[in-house]
Every structure is written in structure tokens, then in C-alpha cells.
There are 2 protein chains.
Amino acid sequence: MSDRIYARYLVETADDPRRAVEVMAGEQSSGTFVAVPGETPELKARAGARVERLTPLEDVPAPSLPGAKKGTAYHRCEVELSWPIANLGPSLPNLVATVAGNLFELQQFSGLRILDIDLPPAFAARYQGPQFGIEGTRRLSGVASGPLIGTIVKPSVGLSPEGTADLVEVLAKGGIDFIKDDELQADGEYCPFEARARAVMAVIDRHADATGKRIMYAHNVTGDLDEMRRRHDLVAALGGTCIMASLNSVGLVGMIELRRHAQLPIHAHRNGWGYLSRHPLLGWSYPAWSKLWRLAGADHMHVNGLRNKFSEPDDSVIVSAKSLQTPMFDDRPCIAMPVFSSGQAAGQAGDTYRALGNADLIYAAGGGIMAHPGGAAAGVASLRQAWDAAMSGVALTEHARSHRELEVALEALAR
Amino acid sequence: MSDRIYARYLVETADDPRRAVEVMAGEQSSGTFVAVPGETPELKARAGARVERLTPLEDVPAPSLPGAKKGTAYHRCEVELSWPIANLGPSLPNLVATVAGNLFELQQFSGLRILDIDLPPAFAARYQGPQFGIEGTRRLSGVASGPLIGTIVKPSVGLSPEGTADLVEVLAKGGIDFIKDDELQADGEYCPFEARARAVMAVIDRHADATGKRIMYAHNVTGDLDEMRRRHDLVAALGGTCIMASLNSVGLVGMIELRRHAQLPIHAHRNGWGYLSRHPLLGWSYPAWSKLWRLAGADHMHVNGLRNKFSEPDDSVIVSAKSLQTPMFDDRPCIAMPVFSSGQAAGQAGDTYRALGNADLIYAAGGGIMAHPGGAAAGVASLRQAWDAAMSGVALTEHARSHRELEVALEALAR
């Protein structure tokens, strides 16, 4: 195994690409814009970033981002850089400054996006990774196979603790596996965290006592560190089986600390992801970005879903989900369970299963459950039927002929 | 004072702008894509986000970002939304999910950038803000007026602790006020944090004993939380007067915790800022983003500099710097000291002073000091002379006639 850190980028430059990526490697290691006396050949050999590979792609006539040096054509390339881990040590926060620091502002580039990272084993020894992952989530939720059928509390904000608990009761009776707080739901005046957690867990407890099924509810603990720890402890004491944190709110240090403290799976929400990724020539690809959080300890990670209500295309959703299920290290695979959501209903189950190749996921639907003409129970049933059809290779419409809830769902979707 | 949170955005949509921003307000509060039974008029009145203002700007023929709904023209607007603080409570992490959460992915928009935020006083009561700011930094560094003349250790990585200390010695003899670790410098095998801090502080101590001047050195403590606390404590014990943290590496929770622990000014590095901001129709403006970190406790914040080596234009640099010096709250102004850097030399002092209107800043130069033909001392002297000229309204070339180091610097720059 190597003791180097690797990162792949998509870049666009009007400059000679080789020269441009040498500047990038220099800026992110021992070099700077002017020659400095201390940068000896020995120092450069020891600490310099290395251009491992440079693959030319297409040329485009106009720059993708402003502020770059002008030229007659803008050359797109894929480039791989590497750094000795000795430059920084196996530290996630310092890694970010190295692979995704000042380089996005370089004038040499009219586009720069980080595509993937590959870390040496010292990182696996240092960070904990997911504590539960797919297997632990199945164990705690009692869903041995197939997707966890889930939903999100809506309205996102505005419900009282009792109103939230009433909704959970409806969903529980409907046979749901998983429910999450919306990421907007925090610790507001009308729905304080503690009152909400207690009200929700009372319903979940009663339902578990009556049916043997303990619904996994992801309580949004996002907040300052002491709050997150306290909220986690309350959820654990109440018999809860999951907490949720918004990654872009909390940050890496917060997530690392939450993982150190946690005895429950961490449902990692990526809200804000759009500002990191929506321009194709800027920012982060999900496989690169999610590796930071997987190593830090995310058990579940959001990927949108096929034909979602957001701007992300389907192929990107599947690349993201597959990346979460691909091991990072031999002895610490850091597999996170993908969470499909956003406009998900019965119609996407088959395509999702075929594209991903498995059903190790959380399938979160809002309208797909609550807007079913037969109510929440019929909504949940229709999603399970759709996934049964997908997993046994039966066409959805054929399966619908013998499964009433699915039939109604498909009729409603076709309207 | 209001108990609402306000945020301004630049948006671009092919849809009817009023309808699009109503979707945005709904998605970020009580609404969702389908009507849900619980969203009563009372709930909406209590918890819904409000569109406060919608100002049409120009139309453009093509979408700025992919994935949006298509149209014949794309309408740009400035919009202001507001939320009741009761939705979330005065929490910085939860604020981020509310004002900068899932909205960047909405199909309604082919462009969406957050321009500014305005927070109710409950946030000022909850968070500490900068502990030292401009006044405390002047007191600790002994620089009563004018900019702190600063520099960054280069090569960024690769120097040993002793090599770093040797460079600090040269700079100390040159009369520098402020030195910082590069953001790439962390706790690597060849330059461990503790050995580097000890070696550097030994030089700074000797220099202080000999001259009475204690150079402010920003030690990069970026790392996991326990590491940051330990490193802070070491720096404080060694008589150091500043620590540095990379904001995008550490995240909000990490920064809030670091501030709670810190007895020293926090030099906040924004590396990675490019991926948050470089596309003009996506992401964050600096006035909005920097308010999060000012409130969390950043004492110094980077803004690039005029005619910098990066892609940021000059007007943006000045808007950023001015925003840091504009009070956030009456009783907690949260003023952070702007750090000008990147290609800064004698030539930009006058324009910087005229544009900003004061010299309450750190002026960090690399080549402007080390590449001066007369050496580091002459480099530092030339920068002070340039700022003296700027602050007394004397033309740079005129001042250079009676100040040799400045004259040489300008000659070197003209070559």
C-alpha cells in the first residue's frame, strides 16, 4: 500500500495543461508564485505534490468560470495529483486544505472540480468510520432484506411535538420502517427538541410493544457540540435507534466528535450540497466529498433519487449511491447506506434496483406515501410491492394486477 | 428589533419569478412539493418563510447552471426571504440548513446565490464573536496604527522546524509584525506541530527579549478538536499570541468549540473559498458567509487583495473587507480584521487604503518581502513606507524619492 494521498480533478485551462497542473501541484505543496530560496531540490522531492497522470479531454471555446486567464481555446483534462502523507499526517481536516484548498481560485483554471480521492491506510487507522452501516441499520430496524421504506416529517417545520407524534402514529400504523425529522426541524420555540423526541418515542415505544417492530426515527440533533451530545444521549435513553446531523452545518470536526460520542447510527444529511456541486466544472463530486464523511462516521448518506424533484440527473444519483457501497479500505470499508429521496414513489423502484444492483438502501418517499389515495398504509404497502416486484424481476404493471395498493399507486401516478 | 432571520439571494429562473421564489420559501419552511394535510393556514402563518422583496434584474438568454426547467428567457432577480427565529432557535448550524440548505438544487432555478444574511439579536446573545478583533490584535502585536505587515512561511511545506525557525529569524530581523503558517502546514512527519511551535517561539522570544517587540505568529492548529485544544494550549504556554484554523476544514461546530476554548486570537483561513463562490450565480457571497464565522469567533479573516494572483476581481475584495468591518449587532459588532494577501506588494497599498478608508488590516506579502533586492528587512521597510505614503496622502513615487527601500521595490516591480 502507498503512503501517498491521491486526488483526481477535472480541470479546464487556456494555458498549456501540463504547465497549469504543475502550478496547481506547486501551489498545493512546496511551491509558490515566485521562486523562494528555501525550495531546494531535496525539499521539492520530499514534499512536492506529483502530477501522476494528465489525460486530455475536449476543448471548449469559452471559459466555464470567470476570472481565468484568457485564451483562444479552453482545454479540459483529467489530472491526478499525489502528496506524501508526511506533509500533513493522517488528518481529515488537514486533508481538506491539501486536496481542496486554495486551488479553486487559481487564474490558470476556468474550471476545477475534484472527482475522487484515495487515501493511505493511516487514515483508516485514525478515524472510526460508520459504526452501524447497512448491517447495523438492518439489525436495529428489523428489516432483514429489501429497502427500508421511509419518509420525512412534513410539514417540515410548524408542527408541535404532539402534531409530530400524531403523524408518526399514522405512519407507524401504516407499517413504515424509517422516519426522519426534516433538516429544518431543530429546537424551535414551538417544537423543542426534547419535547418532540419524547412525544415521538412514546408513539414508537407503544407501537414496538404492540407489534414487536421498532421504527427507526432519525432525530435531528444538529446544533452546537454540547447540544448534539445531550440530544444524542436523550434519544439513546428514550430507546431511539438513530440520530441525524446536517453535514454542511456541523462540519468535519463536529462530525468526528459526534461519531466519537455516538452509540446510535448517524443519518448524515447533505443539505447545501447544491452549492458544492451544481456547476459541473466547479466544486466537489459526491464520491470525493462523501469519503470524508464516511471515514468520519456517517452511517446513512443522501443521494437524491431517480427522476427526483431537484436538478441532479439520474446517472449522477447512481454513481453517488454506488460509491457509498464501494469499500474505501480493506479492513475499514466505510460503507454508508444510501438514502434515496426527493420525489420517490413506486415508479422508480425497478430502475433503482436494476441500476444499483441491490436493495441495501433507505427509500424515503413523501407524496409516494401520504398522497396515496388509500392513505399512508396503502402508500407504504405500494412501495413494498414495487420493491418486491423489482427484486424478483417481475414487471411493475404485472405485479400491480395482483397487488391492489400498487395498482392504485400507479393509477394515481399516471394521472 | 425583529425576531426574524433575513436572507438576500440572487436568483435566475425561467419560471415566473414570483412563483419560483414562493416555491423556494416553501421548500425552506413549511411547504413541500405536494400539498400535505398538516399544512394549515395557521401553521403556514406561524412557520412559513416570507418573501419580503423581489426585485427584477436583467434577463439572460441561456441558463447559468444545468438541471433547471427550460424557458425562452432566464429572469434574474434579487429576493429577500425571512423566517421566524422560532422555527429553529438561535443556532448557527441550524441557520445554515435554513438559509443555505436544499434550495441550491431546486429545478426552478438556473442560478441561486446567497448575498447576505441579517440575524436577530438572539444570535448575538448566544455566540461569542471575536475575542480580540482589531483592537486586541493591535494590543498583542504592539502595532498601534497602520497595517500589520505580515508574511506567510514559504515553502509552505517541506521545511523542518529548524528551517522554519531560521526563516522566522530572518523575518524578525527584518522588522515584520505578523507571520503565519501556510494552511498546508499541519503536523507532518518532518515538521511536527509541537517541534515547529517550540522552535518558532524560541526565536520570537529571543527577538522580544532583545527588542521589546513580540511578533504575532499564527500557528496553524487545524485538526481534530482535541488536537486543536492541545495545540492552542501549547502555543499559549509558549507565549504565542495567535492561532490559525482553516474554516472549511474545521466547520462551524469545530470553530464554535475552538472559540470557547481559546485565549488567543483566531486567524481564520478561508482556503477552499473558491468552490463556494467562484461561479457568480451559485453559492455564497463573502458578506453572508463570513458573518457565520465572525459570530462563531473569527478574529482575522482572509479577503485576498487588490490585483491578487487569484481569480477574484478588486471590487469583490473591497466589498469583502468592508463587510468584515461593518458591525453585525449594536452590542456585539463582531468586527473581524481583514487579511489582505496574494500577490501583495508596495504597489497596492495606496489603492487599498483609499478603497477601504482605513488601515485596520493585516497586509501579508510573500514576494513583496522576500523578493526585495535588498532582502527581507528592505522588503518590510518598503511596505511600511508604501503604507506611510498612502496614509498621509503622498504619491508613492514622490515618497519613494526620499525612501530608498520603497524606491528599489518600485523599480523591481516595474521590471
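The model shown is predicted, which means the values in this text are computed figures rather than measured ones. (Residues numbered from 1 in each chain as written. Chains lettered and ligands numbered in written order. Predicted model: local features only at pLDDT ≥ 70, side-chain atom pairs only at ≥ 80, totals over all residues. Heavy atoms only, no water.)

### Things to note about the pattern of salt bridges
- Tallied over the full model, the rule gives 60 salt bridges over all chains.
- A:Arg231 is the salt-bridge partner of A:Asp187, the closest N and O atoms lying 3.2 Å from each other. Placement of the pair is A:Asp187 in the loop between strand E6 (178-180) and helix H7 (193-211) and A:Arg231 in helix H8 (residues 225-237), with a sequence separation of 44 residues.
- Residue A:Asp187 is classed as partly exposed on the basis of its relative accessible area of 31%.
- Note that B:Asp205 is salt-bridged to B:Arg214, the shortest N-O span being 2.7 Å.
- Owing to a relative accessible area of 27%, B:Asp205 belongs among the partly exposed residues under this scheme.
- One network of salt bridges, in which partners are shared, links A:Arg126, A:Arg229, A:Glu257, A:Arg260, B:Asp187, B:Asp224, B:Asp226, B:Glu227 and B:Arg231. (Salt bridge = Lys/Arg side-chain N within 4 Å of Asp/Glu carboxyl O. Helix = DSSP H or I, 4+ residues; strand = E, 2+ residues; numbered from the N terminus. Buried < 20%, exposed > 50% of the residue type's maximum accessible area, 1.4 Å probe, protein only.)

### Quick word on the sheet that holds strand E4 (residues 111-118) of chain A
Residue and element names in this part refer to chain A.
- If you trace the 5 strands from one edge of the open sheet to the other, you get E2-E3-E1-E4-E10, paired in mixed fashion. Edge strands, defined here as strands with exactly one partner in the open sheet, are strand E2 (50-60) and strand E10 (282-284). Each strand axis lies, on average, 15° off the axis of its neighbour in the sheet, ignoring direction.
- Both strand E1 (residues 4-13) and E4 contribute to a ladder of 7 bridges, which runs antiparallel. Directly across from Tyr6, in E4, lies its bridge partner Asp118.
- Against the sheet, helix H3 (residues 92-99) contacts E1, strand E3 (74-84) and E4, and its axis sits at roughly 35° relative to E1. (Pairing = 2+ DSSP bridges. Axes fitted to C-alpha atoms, helices over the stretch in contact; angles between N-to-C directions. Contact = heavy atoms within 4.5 Å.)

### Focus on the environment of A:Thr352
All names here are of chain A.
- Relative to the helices and strands, Thr352 is located in helix H13 (residues 349-356).
- Judged by its relative accessible area of 0%, Thr352 is buried.
- Separated by 24 residues in the primary sequence, Thr352 and Ala376 place their C-alpha atoms 22 Å from one another.
- In contact with Thr352, other than residues within four places in its own chain, are Leu306, Phe340, Gly357, Leu361, Tyr363 and Trp387.

### Structural notes on the packing of aromatic side chains
- In total, this model carries 16 aromatic pairs over all chains according to the counting rule given.
- On the basis of an interplanar angle of 85° and a centroid distance of 5.7 Å, the ring pair of A:Tyr275 and B:Trp284 is categorised as edge-to-face. With one member in each of two chains, A:Tyr275 in helix H10 (residues 273-277) and B:Trp284 in strand E10 (residues 282-284) form a pair that bridges those chains.
- Accessibility expressed as a relative area gives 6% for A:Tyr275, which makes it buried.
- Seen in terms of ring centroids, A:Tyr353 and A:Trp387 are 6.3 Å apart; in terms of plane orientation they differ by 85°. Their pairing is edge-to-face. With A:Tyr353 in helix H13 and A:Trp387 in helix H15 (residues 376-391), the pair connects residues that are 34 residues apart, well separated along the chain.
- Ring-pair connections join several aromatic residues into one group, and the members of that group are A:Trp273, A:Tyr286, A:Trp289 and A:Trp293.
- Sitting over the ring of A:Tyr286, A:Arg270 keeps its end group 4.8 Å from the ring centre.
- If you follow B:Arg46 out to its NZ or CZ, it ends over the ring of A:Tyr190, 4.9 Å from the centre. (Phe/Tyr/Trp six-rings, centres within 6.5 Å; stacked < 30°, edge-to-face > 60°. Lys NZ or Arg CZ within 6 Å of the ring centre and 35° of its normal.)

### Things to note about the environment of A:Arg18
All names here are of chain A.
- Mapping Arg18 onto the fold places it in helix H1 (residues 17-27).
- Since its relative accessible area comes to 40%, Arg18 is described here as partly exposed.
- Between the C-alpha atom of Arg18 and that of Leu54, which follows or precedes it by 36 residues, the distance is 7.5 Å.
- Residue contacts for Arg18: discarding those within four places in its chain leaves Val51 and Leu54.

### A closer look at the domain arrangement of chain A
Residues and elements named next belong to chain A.
- Domain annotation for chain A reports domain 1 (4-126) and domain 2 (133-414).
- Counting residues at the interface gives 23 residues for domain 1 and 20 residues for domain 2.
- Among the residues domain 1 hides against domain 2, the three largest losses belong to Leu92, Arg113 and Ala124. Together they make up 32% of the total.
- Inspection of the region where domain 1 meets domain 2 yields 1 salt bridge. (Domains from an automatic or database assignment. Buried area = accessible area lost by both parts, 1.4 Å probe.)

### Quick look at the relation of the copies chain B and chain A
- Once turned by 180° and shifted 0.0 Å along the axis, chain B lies on chain A with an RMSD of 0.0 Å. The two molecules are tied by a two-fold rotation axis, judged by turn and shift. For chain B, the minimum C-alpha distance to the rotation axis belongs to B:Gly251 and amounts to 1.8 Å.
- A high fraction, 100%, of the interface residues of chain B reappear at the interface in chain A, so the copies pair face to face through one surface. (Least-squares fit on C-alpha atoms with pLDDT ≥ 70 in both.)

### Side note on the nonpolar core
- By size, the foremost hydrophobic cluster in this structure holds 230 residues, and its most contacted members are A:Tyr9 and B:Tyr9.
- Core analysis: the second largest hydrophobic core is formed by 12 residues, A:Val143, A:Met216, A:Met244 and A:Met337 among them. (Core = buried A, V, L, I, M, F, W, Y, C linked by side-chain atoms within 4.5 Å.)

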